[in-house]
Amino acid sequence: MARKTMVITGETLARQGYCRISKRKNIVARIDVENWVELFAAHFGKTLHEMFSEILANPGKYEDLFRREWSKDQLDVSLTTARTVPSSFGCNVGYEEKEESG
């Protein structure tokens, strides 16, 4: 029964934009800032239009970078849960609203 709960948790995390950033350490992260593209544009010295063009030309690259280096919403999860969350590498999922646990 516990295994099924972990899989559901992984699917729930994936719906909220979490992706696996470490297979070895079972860490997942999400883009936790709604205006992340604006932050990257300022960081890289680009206009918003240039940054969006760069993101579209390199699907998943900047999203992965944000999750790995900038996200403050990182979780250590079980191996089973980590396996049910997609890899961050090449994943172009941007900001998603986080479900409130209740």
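Values in this document were obtained by computation on a predicted structure and should not be read as measured data. Within each chain, residue numbers correspond to sequence positions counted from 1 in written order. Where totals are concerned, whole chains, interfaces and linings use all residues; where local detail is concerned, this predicted model gives features only for residues with pLDDT of at least 70, and gives and counts side-chain atom pairs only at 80 or more. By convention in this description, side-chain values take in all heavy atoms of the structure and omit both hydrogens and water.

Student: What exactly am I supposed to notice about the packing of aromatic side chains here?
Tutor: Two descriptors summarise a pair of aromatic rings, namely the distance from one centre to the other and the angle between the planes of the rings. Classification of ring pairs rests on two measures: the distance between centres of Phe, Tyr or Trp rings, Trp counted by its six-membered ring, which must be within 6.5 Å, and the angle between planes, read as stacked under 30 degrees, edge-to-face over 60 and tilted in between. Overall, the coordinates contain 8 aromatic pairs when judged by the stated rule. Judged by centre distance (6.1 Å) and plane angle (70°), the ring pair of Phe40 and Tyr62 falls under edge-to-face. Taken together, the residues Phe40 in helix H2 (residues 36–44) and Tyr62 in helix H4 (residues 61–70) connect sequence positions 22 residues apart. A relative accessible area of 7% places Tyr62 in the buried class. Should the NZ of a Lys or the CZ of an Arg lie within 6 Å of a ring centre and within 35 degrees of the ring normal, that charge is described as sitting over the ring. If you follow Arg30 out to its NZ or CZ, it ends over the ring of Tyr18, 5.9 Å from the centre. Runs of H or I in DSSP of at least four residues are treated as helices and runs of E of at least two as strands, each being numbered from the N terminus. Burial status follows relative accessibility: with a 1.4 Å probe on protein chains alone, a residue under 20% of its type maximum counts as buried, one over 50% as exposed, and anything between as partly exposed.

Student: Looking at this model, I keep getting lost on the sheet that holds strand E3 (residues 74–76). Mind explaining?
Tutor: Adjacent strands of a sheet form backbone hydrogen bonds with each other and so pair up, either parallel or antiparallel. Two strands qualify as a pair provided that DSSP identifies no fewer than 2 bridges between them. Here 3 strands make up an open sheet; going across it, the order is E1-E2-E3 and the pairing antiparallel. Lying at the two open borders of the sheet, with one neighbouring strand each, are strand E1 (19–22) and E3. In this sheet, adjacent strand axes meet at a mean angle of 35° when their direction is disregarded. Contact definition: two residues touch when any of their heavy atoms are within 4.5 Å. Lines fitted to C-alpha atoms define the axes here, with helix axes fitted over just the stretch in contact, and angles between the N-to-C directions of these axes take values from 0 to 180 degrees. Docked against the sheet, H4 engages E1, strand E2 (27–29) and E3, running at close to 55° with respect to E1.

Nothing here speaks to function; it is geometry throughout.
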